[in-house]
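Coordinate inspection notes
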Protein chains: 2
Amino acid sequence: MTKWLESVGTDEDVVISTRLRIARNISNYKFPDFMTIDEGQSVTEEVLNAMKDNKDIYKFYRIEDLSQLEKTRFVEDHLISPSLATTTKSGSFLLRDDEKSTIMINEEDHIRIQVLLSGLNTYEGWELCSEIDDYLEKNIEYAFHEKFGYLTSCPTNVGTGLRASVMVHLPCLSMTGHINTIIDGLGKIGLTSRGIYGEGSKALGHLFQISNQITLGEKEEDIIKKLNKVVLQIVARERSTRGYMLDRKKIELEDKVFRSLGILNYSRLISSTEAMAHLSNVKLGCDVGIISGINPKDIVKLMIDIQPANIQKSSNKEMMKDERDVYRAQIIRNKFIDMEG
Amino acid sequence: MTKWLESVGTDEDVVISTRLRIARNISNYKFPDFMTIDEGQSVTEEVLNAMKDNKDIYKFYRIEDLSQLEKTRFVEDHLISPSLATTTKSGSFLLRDDEKSTIMINEEDHIRIQVLLSGLNTYEGWELCSEIDDYLEKNIEYAFHEKFGYLTSCPTNVGTGLRASVMVHLPCLSMTGHINTIIDGLGKIGLTSRGIYGEGSKALGHLFQISNQITLGEKEEDIIKKLNKVVLQIVARERSTRGYMLDRKKIELEDKVFRSLGILNYSRLISSTEAMAHLSNVKLGCDVGIISGINPKDIVKLMIDIQPANIQKSSNKEMMKDERDVYRAQIIRNKFIDMEG
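Residues numbered from 1 in each chain as written. Chains lettered and ligands numbered in written order. Predicted model: local features only at pLDDT ≥ 70, side-chain atom pairs only at ≥ 80, totals over all residues. Heavy atoms only, no water.

1. So, the interface of chain A and chain B
The interface is formed by 18 residues belonging to chain A together with 18 residues belonging to chain B. In total, chain A and chain B occlude about 1600 Å² of area from one another, counting both sides; carbon and sulfur atoms represent 65% of this. Together, R259(A), Y266(A) and R268(A) form the three largest contributors to the area buried by chain A at its contact with chain B, with a combined 42%. Counting the contacts that link chain A with chain B gives two salt bridges. Notably, a salt bridge pairs E274(B) with R259(A), separated by 2.7 Å at the nearest N-O pair. When residues of the side of chain A that touches chain B are traced back to their parent elements, those giving at least two are α8 (250–266) and α12 (321–340) of chain A. (Contact = heavy atoms within 4.5 Å. Buried area = accessible area lost by both parts, 1.4 Å probe. Salt bridge = Lys/Arg side-chain N within 4 Å of Asp/Glu carboxyl O. Helix = DSSP H or I, 4+ residues; strand = E, 2+ residues; numbered from the N terminus.)

Next comes the structure, spelled out in structure tokens:
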């Protein structure tokens, strides 16, 4: 899993990943919330039919065929949204073999195309997203309004239906507290910050997902350009804060980073929240050169691997929280022995 | 330094050390607080003269000849009392070459004989203490009252002048909170608990110094017998609590011990209070078999070596707190590299 991490973006010392998703609906169908199971099935067939020439590179999954563990794991790997995982009727998705894109069917909208790439990679991401969109549009008649643009189940997506988001790792801006002014400022320019597992989930491991709030009245290219520009500004501020701390608070920063490395190497019991905080410090240590010999992408992968469902998946059984915390500590220790060995 | 640690006592999984001290005053002299410098000098000479046959095994130190750092270091090593270190006139001491005993001169009383041994060793300790006492008494006329016994500067020491104390390491009784009832109970049987660097200093690293409160109306042998008996009861309770935790809370205990080991191995900045807490957990880990390959006595030695003045002594310079915290972290890391091979 987490193959998408193998792609290459820029600014990977601060930017973890770039995600684009567009919401589309098929004309003459009710929105998923109001559909019967049969109508949901027809929508699914329309999408599968439109994508039939690509079936070698897309694997099809029905939500109802997946166990709770499998669903949560797809969510933790950022491959599907938490809402798709909880759909009770007709939810399904197509996942590209390199995991760079997912086509979600009957989530909040009939179709949601998602592209997920490593690092900052908005332009390539948008290109891939548009390509899939164009492909579907050849075979499917989208619900489109001349004045409003693409019609969506929730009015906040009407227009472009585009949500472009970039996941950034901001440990130093978090430590100094500057992160709060930055988040406040985002709202004023039509952007927003969310926790890493989507809306409503809280920020873990100093990871922030910066995305556009507005989908109406702005062209896709402009949304992406603005997001890209703002992210680059945030990246620059995080880097200068890292530089400042290395310059003025070096020993305190080293202490923080190495203590986290020590705890990850030695603990016998650890929650995902605590592990995320320490992995965040260790990633920072790798990115600024305090720790050498560890690939920071391995730390990002570990951040995903230690989420509750992934922990259970790798142990092949469902577990209580306490059991997971023991198993998680073991996975982390083994991984660090591998990485540092 | 800390040669006294090399002696062998019993119950060393819980008991760190046994200390006995007797207070004596010379007849026809005022108590030290009221003496002139010349009188203080005469007292010193009387003691040195009485001990002249032993001068090969006792080294003489005058407090005024020692730097602040050296004085504090003798205190941290438990070889002299904090009050002797702060005497401004005529304070001095004789230290035996194996560091098992010190004769302090012109502290609160003219003479205080201290014996310090590793582990539980009250009977051997008392024998050595009496031997020195008898030796001095041959040459010196003690201030003694038929009804009250040995007269001392502070009425709380009148009688035997004996304070017998045992330093115990009680991490599990501290974790469960049972330590509080035990400490409360000590008062009812004429015993008391103090922090490890004497009266007024707080308990660090789950180390408690159990000693007799009463010196009047009880024979020396009875004081020692009672202390020994109570300490053995406390040792048994600490051991059974360790057993309970190993049985019922094994993973939590392992987690605590190994996290402390991780922090000691990785931190770049650590206060003596924090280090003491982690060393306490690691010593527990060694004593119950969670950690193997580390000699718990090396941990006790490290507990002494990381105290502020010892840190400065080993770096050969006076340091600010921040500097000490960095140097302390380094000493600990190096020591663990040595110990863990």
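2. Section: the sheet that holds strand β5 (residues 111–118) of chain A
Sheet strands pair by backbone hydrogen bonding; their relative direction is either parallel or antiparallel. Residues and elements named next belong to chain A. Strand order in the open sheet formed by eight strands is β2-β3-β4-β5-β1-β8-β10-β9, with antiparallel pairing between adjacent strands. Of all strands in the sheet, those bounded by a partner on one side alone are β2 (58–62) and β9 (191–194). Each neighbouring strand pair of the sheet contributes to a mean axis angle of 20 degrees, computed without reference to strand direction. With five bridges connecting them, β2 and strand β3 (residues 92–96) associate as antiparallel partners. Counterpart to F60 in the pairing with β3 is L94. Taken strand by strand, helix α6 (residues 179–188) contacts β9 and β10 (207–212), and its axis lies near 135 degrees from that of β9. Of the strands in this sheet, β1 (15–24), β8 (162–169), β9 and β10 touch helix α7 (residues 220–248), which is tilted by about 10 degrees from β8. (Pairing = 2+ DSSP bridges. Axes fitted to C-alpha atoms, helices over the stretch in contact; angles between N-to-C directions.)

3. Examining the sheet that holds strand β2 (residues 58–62) of chain B
All names here are of chain B. Spatially, β2-β3-β4-β5-β1-β8-β10-β9 is the arrangement adopted by the eight strands of the open sheet, whose pairing is antiparallel. Edge strands, defined here as strands with exactly one partner in the open sheet, are β2 and β9 (191–194). The average angle at which neighbouring strand axes cross in this sheet is 20 degrees, direction not considered. Bridging between strand β3 (residues 92–96) and strand β4 (residues 101–105) involves four bridges; their strand directions are antiparallel. Directly across from F93, in β4, lies its bridge partner M104. Contacts from helix α6 (residues 179–188) reach β9 and β10 (207–212), with the element oriented near 135 degrees to β9.

4. Considerations on the relation of the copies chain A and chain B
When chain A is fitted to chain B, the residual RMSD is 0.0 Å, and the transformation amounts to a turn of 180 degrees plus an axial shift of 0.0 Å. Such a combination of turn and shift is consistent with a two-fold rotation axis. Residues of chain A ranked by C-alpha distance from the rotation axis are headed by G262(A), positioned 2.2 Å from it. In this assembly the copies share their binding face: 100% of the residues contributing to the interface of chain A also contribute to that of chain B. (Least-squares fit on C-alpha atoms with pLDDT ≥ 70 in both.)

5. A word on the environment of R62(B)
All names here are of chain B. Relative to the helices and strands, R62 is located in strand β2. As a C-alpha pair, R62 and S7 span 55 residues in sequence and 26 Å in three-dimensional space. Once residues within four sequence positions are removed from consideration, R62 is found in contact with Q41, T44, G91 and S92. In this structure the side chain of R62 is engaged in a polar contact, spanning 3.2 Å, whose partner is the side chain of Q41. (Polar contact = N/O pair within 3.5 Å; in protein donor to acceptor, adjacent residues only side chain to side chain.)

6. Here's the deal with a nonpolar patch on the surface
Residue and element names in this part refer to chain A. Residues F148, I214 and L216 make up a contiguous nonpolar surface patch of about 250 Å² in total accessible area. Assignment of secondary structure puts F148 in the loop between β6 (144–145) and β7 (149–150). Its relative accessible area of 39% is what places F148 among the partly exposed residues. (Patch = residues over 30% accessible without salt bridge, like charges linked within 9 Å, V, L, I, M, F, W, Y side chains within 5 Å. Areas by Shrake-Rupley, 256 points an atom, 1.4 Å probe, with all protein chains shown as cover. Buried < 20%, exposed > 50% of the residue type's maximum accessible area, 1.4 Å probe, protein only.)

7. Some remarks on the domain arrangement of chain A
Residue and element names in this part refer to chain A. Each domain of chain A was delimited in the assignment, giving domain 1 (3–239) and domain 2 (250–340). Centre-to-centre, using C-alpha coordinates, domain 1 lies 27 Å away from domain 2. Domain 1 puts 24 residues into the contact, and the matching count from domain 2 is 21 residues. Counting the surface lost from both domain 1 and domain 2, the interface buries some 2000 Å², and carbon and sulfur atoms represent 69% of this. The largest share of the area that domain 1 buries against domain 2 comes from L5, L69 and E76, three residues that together contribute 29% of it. (Domains from an automatic or database assignment.)

8. Brief notes about the pattern of salt bridges
Residues and elements named next belong to chain A. According to the stated counting rule, one finds 40 salt bridges over all chains in the structure shown. Linking R248 and D247 is a salt bridge whose minimum nitrogen-to-oxygen distance equals 4.0 Å. Judged by relative accessible area, R248 falls into the exposed class, the value being 57%. The class for D247 is exposed, based on a relative accessible area of 62%. Each of E107, E108, D109 and R112 takes part in a single network of salt bridges with overlapping partners.

9. Overview of the nonpolar core
Formed by 104 residues in total, the largest nonpolar core has its most connected members in F93(A), F336(A), F93(B) and F336(B). Among all residues touching F93(B), those that are not within four sequence positions of it are K59(B), F60(B), Y61(B), I63(B), L66(B), F74(B), I80(B), L84(B), T102(B), I103(B), M104(B) and I105(B). (Core = buried A, V, L, I, M, F, W, Y, C linked by side-chain atoms within 4.5 Å.)

10. Section: the pairing of strand β8 (residues 162–169) of chain B
All names here are of chain B. In terms of residue burial, β8 counts as a mostly covered element, since eight of its eight residues are buried. Judged by which residues are buried, β8 turns out to be covered on both faces: L162, A164, V166 and V168 on one side and R163, S165, M167 and H169 on the other are all buried. Bridge count between strand β1 (residues 15–24) and β8: seven bridges; the pairing is antiparallel. Within β8, the position partnered with T18 by the bridge is V166. As judged from the five bridges shared by β8 and β10, these two strands associate in the antiparallel manner. Looking at β10, one finds that V168 is bridged to F208.

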